[in-house]
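# Observations on chain architecture
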Amino acid sequence: MGKGQFILNMAKAHPDVNFIGIERYSSVLLRALEKFDTEEYGALTNIGFVCMDARNVEEVFAPEEVDKIFLNFSDPWPKARHAKRRLTSTEFLERYEKILAQGGRVEFKTDNTELFNFSLEQVKEAGWYLEKYTYDLHHQEEMNAGNIMTEYEEKFSLKGNPINKLIAR
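None of these values were measured; they are calculated from a predicted model.

### Side note on the overall build of the chain
Across its full length, the chain holds 7 helices and 6 strands. Shown N-terminal to C-terminal, the secondary structure of the chain runs as helices and strands in the order α-β-α-β-α-β-α-β-α-β-α-α-β. Its C-alpha radius of gyration of 15 Å places the chain within 12% of the 15 Å reference for a compact globule of 169 residues. For the chain, the spread of C-alpha atoms along the three principal axes comes to 45 × 40 × 30 Å. Put simply, the chain has 169 residues, and 41% of those count as buried.

### Some remarks on the environment of A62
Looking at where A62 falls in the secondary structure, it is placed in the loop between α3 (57-60) and β3 (66-72). Counting along the chain gives 39 residues from A62 to A101, while the straight-line C-alpha distance between them is 9.8 Å. If sequence neighbours within four positions are ignored, A62 has contacts with K98 and I99.

### Thoughts on the pairing of β3
Relative to strand β4 (residues 100-110), β3 is paired through 6 bridges, and the arrangement is parallel. From the neighbouring strand, F70 faces β4, where its bridge partner is E107. Following the chain from β3 across helix α4 (residues 90-99) to the adjacent parallel β4, one finds a crossover that is right-handed.

### So, the sheet that holds β3
With mixed pairing, 4 strands are arranged side by side in an open sheet as β3-β4-β6-β5. Both edges of this open sheet fall to β3 and β5 (130-134), since each of them pairs with a single strand only. Strand after strand, the sheet turns through a mean of 10 degrees between neighbouring axes, direction not considered. Pairing between β5 and strand β6 (residues 164-168): 4 bridges, direction antiparallel. Opposite Y133, over in β6, you have L166 as the bridge partner. Those strands touched by helix α5 (residues 113-125) are β4, β5 and β6, and its axis lies near 15 degrees from that of β6.

Parameters and conventions
- Residues numbered from 1 in each chain as written.
- Predicted model: local features only at pLDDT ≥ 70, side-chain atom pairs only at ≥ 80, totals over all residues.
- Heavy atoms only, no water.
- Helix = DSSP H or I, 4+ residues; strand = E, 2+ residues; numbered from the N terminus.
- Rg over C-alpha atoms; globule rule 2.2 N^0.38 Å.
- Buried < 20%, exposed > 50% of the residue type's maximum accessible area, 1.4 Å probe, protein only.
- Contact = heavy atoms within 4.5 Å.
- Pairing = 2+ DSSP bridges.
- Right-handed = clockwise from strand over helix to strand, strands pointing away.
- Axes fitted to C-alpha atoms, helices over the stretch in contact; angles between N-to-C directions.

Dropping the structure here:
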């Protein structure tokens, strides 16, 4: 979940929805907790944080317990031999499928077009339904409606980099 801007603003915008932020690295999780422990976010009661590797989601969430998974600006693991580590690989999609409720979705955003193309292929290979996708989120009115940006998204957008987004179920 990175430094927490996205999940904290999602929790604030949707007080009727519970959010769980998963971060592998405790140093990064600490940055999100520091943001949470402010006047702006401290009153939120619909958010929790877990320090864990996403490979273990099946050990933490029950079958069909999760409605939606947001993957934002994940590590691209650019070397081919590391493809299985990408959070949009078929291996991870299989894990998500076990914890997602009927009709559950994965929403993925990245500025890395190679990773995005890989992800589109993996969604198809895993037998998932690709609901929507764009190579330029901020200029695609329908998909950008209600978009809450991450720290990376703001940074890359200011540099003029287009943001890719897909929604799969």
